[in-house]
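A structural walkthrough
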Amino acid sequence: MTKGSRANRKHIQRRNELTNTLREKGIRDQRILMAIQAIPRHTFVDTALENRAYEDTALPIGCGQTISQPYTVAAQTELLQVEKGDKVLEIGTGSGYQAAVLCHMGAKVYSVERHEELYHKAKKMLHELGYRANLKLGDGTLGWSAYAPYDGIVVTAGAPVVPEDLIYQLNVGGRLVVPIGSQKSQVMVRITRISEDSYEEEQLQSFKFVPLIGEKGWD
Ligand code: SAM
């Protein structure tokens, strides 16, 4: 039996409770709630943590990293305003869960992770669940220029400043969602490319992410 097939009634019930919690916390996009209801988050964490997989909390995934809190995944996805067929780049694949949510919503997903162990684990899990995301091992602060431009770019680690390569890899009309701040707390920033050379920036809620480490991130 694969990890991906470990679904049972208890997990489905707990996913229903989780989506109700996210709705109460203000998540409105029904497609995101449906994705979270459908995806077996417990398969993205170690067996020892499975019973906590449907709590609205971040959990360790190894290499000192975390699978983001479900509310954070939903909030970032809502800000991205993903439409079916959109090309979306994620920086910080981690467990692969956010990539699964984006795939489930019909996006063409590209995702970069700097830890080799996490990259291989996420690749295996997404494949087992039937999600066709394109994953790369490398420094995501430089984006993934080979497939640019993107309709959406989501950074799932906290950056000291907006990595400029990511801005240039946005399509006109595209959205970049990135937490910016110190290593202790960040403000979610959304940058929309209005035209070839103009951008609009919005500063939103506060969050706490693990640091974005790389050439255009933290040392
Ligand atoms: N999106 C992930 C998920 O659904 O599990 C959660 C990501 S975790 C909060 C942040 C991830 O960003 C970590 O796996 C970390 O290794 C990765 N990361 C940090 N800096 C990076 C960089 N420069 N390039 C790619 N990944 C990076």
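Structure shown above.
Residues numbered from 1 in each chain as written. Predicted model: local features only at pLDDT ≥ 70, side-chain atom pairs only at ≥ 80, totals over all residues. Heavy atoms only, no water.

As a further point, take the overall build of the protein chain. Counting secondary structure elements, the protein chain contains six helices and nine strands. Over its C-alpha atoms the protein chain spans a radius of gyration of 16 Å, differing by no more than 12% from the 17 Å that the globule rule assigns to 219 residues. The principal-axis extents of the C-alpha atoms in the protein chain amount to approximately 50 × 35 × 35 Å. For the protein chain, the proportion of its 219 residues judged to be buried stands at 49%. Of the roughly 10200 Å² that the protein chain leaves accessible, carbon and sulfur atoms contribute 50%. Put simply, the protein chain has 27 plus and 26 minus side-chain charges, and the middle of one group is 8 Å from the middle of the other. (Helix = DSSP H or I, 4+ residues; strand = E, 2+ residues; numbered from the N terminus. Rg over C-alpha atoms; globule rule 2.2 N^0.38 Å. Buried < 20%, exposed > 50% of the residue type's maximum accessible area, 1.4 Å probe, protein only. Areas by Shrake-Rupley, 256 points an atom, 1.4 Å probe, with all protein chains shown as cover. Lys, Arg positive; Asp, Glu negative; His and termini not counted. Charge placed at Lys NZ, Arg CZ, Asp CG, Glu CD.)

Here we take up the packing of aromatic side chains. Here the structure, examined in full by the defined rule, presents seven aromatic pairs. Ring centres of Tyr-110 and Trp-144 lie 5.7 Å apart, and the angle between their planes is 85 degrees; this geometry places the pair in the edge-to-face category. One end of the pair, Tyr-110, is in strand β4 (residues 108-113); the other, Trp-144, is in the loop between β5 (134-137) and β6 (150-155), with 34 residues separating them in the sequence. In this structure, Tyr-110 and Trp-144 share a single accessibility class: buried. Of the aromatic side chains, those joined through ring pairs into one cluster are Tyr-110, Trp-144, Tyr-147 and Tyr-150. Against the face of Tyr-150 rests Lys-87, its NZ or CZ located 5.7 Å from the ring centre. (Phe/Tyr/Trp six-rings, centres within 6.5 Å; stacked < 30°, edge-to-face > 60°. Lys NZ or Arg CZ within 6 Å of the ring centre and 35° of its normal.)

Quick look at the side chain of His-11 now. Note on placement: His-11 falls in helix α1 (residues 9-24). Within the structure, the side chain of His-11 is placed 3.5 Å from the side chain of His-42, a separation counted as a polar contact. (Polar contact = N/O pair within 3.5 Å; in protein donor to acceptor, adjacent residues only side chain to side chain.)

Here we take up the pattern of salt bridges. By the definition in use, this model includes nine salt bridges. Salt-bridge contacts for Arg-190 lead to Glu-202; the nearest nitrogen and oxygen are separated by 2.8 Å. In this pair, Arg-190 sits in strand β8 (residues 186-195) while Glu-202 sits in strand β9 (residues 198-207), placing the two residues twelve residues apart along the sequence. Classification of Arg-190 by relative accessible area gives buried; the value is 11%. In this structure, Glu-196 and Arg-193 form a salt bridge, with 3.7 Å as the shortest nitrogen-oxygen distance. (Salt bridge = Lys/Arg side-chain N within 4 Å of Asp/Glu carboxyl O.)

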